[in-house]
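Summary of the model geometry
So the chains spell out like this:
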Amino acid sequence: MRVFMVHEDPWHSGSPYITTFMDTLGSTHPDCEMGWGRERFWSDDIFTFDIVHFHYPSAFISYDTHNESDLLHHIERMKSAGVKVVATCHDLEPHYDQCSAKGEAMRIVYSHCDAVFHMGAYSKELFEQRYPQATHFLLPHHLYETVYRFFPSREESLRHLHLSADRTYILCFGMFRADEERQLVINLYRQLNDKKVEILAPGFLDVWIRSPKLFVRLAKMLYYRCRYHIHSKGKAWGAVSDDDLPYYYGAADVAFIQRLKILNSGNAMLPMLFGRVVVGPDCGNVGPLLRRWGYPVFNVDDTSHIGDIVRRAIELGRQGYGTVHREEQLAEYSTAVISEQLYVLYHRLL
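A short tour of the structure in this document, coming up. Computed from a prediction, not measured in an experiment: that's the story for all the values here.

The six strands are arranged S9-S8-S7-S10-S11-S12 in an open sheet whose pairing can be described as parallel. Edge positions in the sheet fall to strand S9 (230-231) and strand S12 (297-298), since each has one partner strand and no second. With two bridges joining them, strand S10 (residues 254-256) and strand S11 (residues 278-281) adopt parallel strand pairing. Residue phenylalanine 256 lies in a different strand from S11, and its bridge partner there is valine 279. Against the sheet, helix H8 (residues 179-192) engages strand S7 (168-171), strand S8 (197-200), S9, S10 and S12, with an angle of about 165° to S8.

The geometry of an aromatic ring pair is captured by two quantities: the separation of the ring centres and the angle between the planes. Enumeration over the complete set of coordinates arrives at 27 aromatic pairs. For the pair tyrosine 224 and tyrosine 228, a centre-to-centre distance of 6.4 Å together with 35° between the ring planes defines the contact as tilted. Here the residue tyrosine 224 and the residue tyrosine 228 both occupy positions in helix H9 (residues 214-228), the gap between them amounting to four residues, near one helical turn. The exposure class assigned to tyrosine 224 is buried, which follows from its relative accessible area of 16%. On the basis of relative accessible area, tyrosine 228 is assigned to the buried category, the value being 4%. Among the aromatic residues, ring-to-ring pairing joins Phe4, Phe41, Trp42, Phe49, Phe54 and Phe60 into one connected group. Here the basic side chain of arginine 38 rests over the ring of phenylalanine 60, its NZ or CZ set 4.4 Å away from the ring centre. The lysine or arginine in question, arginine 326, covers the ring of phenylalanine 151, its NZ or CZ lying 5.1 Å from the ring centre.

The rules behind the values
- Residues numbered from 1 in each chain as written.
- Predicted model: local features only at pLDDT ≥ 70, side-chain atom pairs only at ≥ 80, totals over all residues.
- Heavy atoms only, no water.
- Pairing = 2+ DSSP bridges.
- Helix = DSSP H or I, 4+ residues; strand = E, 2+ residues; numbered from the N terminus.
- Contact = heavy atoms within 4.5 Å.
- Axes fitted to C-alpha atoms, helices over the stretch in contact; angles between N-to-C directions.
- Phe/Tyr/Trp six-rings, centres within 6.5 Å; stacked < 30°, edge-to-face > 60°.
- Buried < 20%, exposed > 50% of the residue type's maximum accessible area, 1.4 Å probe, protein only.
- Lys NZ or Arg CZ within 6 Å of the ring centre and 35° of its normal.

All we've got here are geometric facts, nothing functional implied.
So, in structure tokens, the structure goes:
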């Protein structure tokens, strides 16, 4: 069985989502040969694969010399050659202005899929109506326990990150995609109204080193740090390395997902791996996932109570609730378990 993951370079995608599948399937199922790469995708070599698996169609075509019409004709040729076309539903549509001009690529892929994998029932039920030509499967987001094996103590983490031990730390991971996400975190700090609270938000603000407005941007970073206790790295994409990531979770009292528009999020899973309570939006596939495990959620249409919700989450964390279900979560969402489910679904398609 030959499977092609549609990505220019999965090892530099900003997330281990694809590579953990590739590594695990490659080691547990020698019969499963994996391929990837932009040039290879557009070459005739693509017709030698049994399955072509899309992940982020709009992002892929946004940085390509080909357009959406080329993509449509290429997929039609694949299907004529007997290649199975599948996709993981990471998003319903592009977020904000990120690759929004190439949103048609997403619709082209979904409307030509033989199968779509969903991380929750919300998108699965929606797509069963919208794209009835495809078979829709549930495939939960897996944990990254094969990537992150180091779990430093709070003391080690604070020391590594040069943080004070007498503060409460709220972790907001991932890039901030719009000002409304920044405003959400600012409002959270205002509602908490506690000078002992610090917000670890590495991707809060992007500071371009060669920007003519560098001084202004650095001044903004300093302002947010002093006024709202927001710790930013000045880098929106890839702000934290895999080596440093465990320390952030080790230092955090609670994780907060700063999204108002969301379908899925790996940031809803990582706190489970590191035994942290997480607060997130009650929408998409994220809300039902968090509610299932007893984590607090907030209403995206009314964020006037997020301070109270986060206070409750901090108290739950101090009571040790973050580790209560950890073994169950590892058993259900481990990379090995979800990879095996994907392998079985591939075989069902063939």
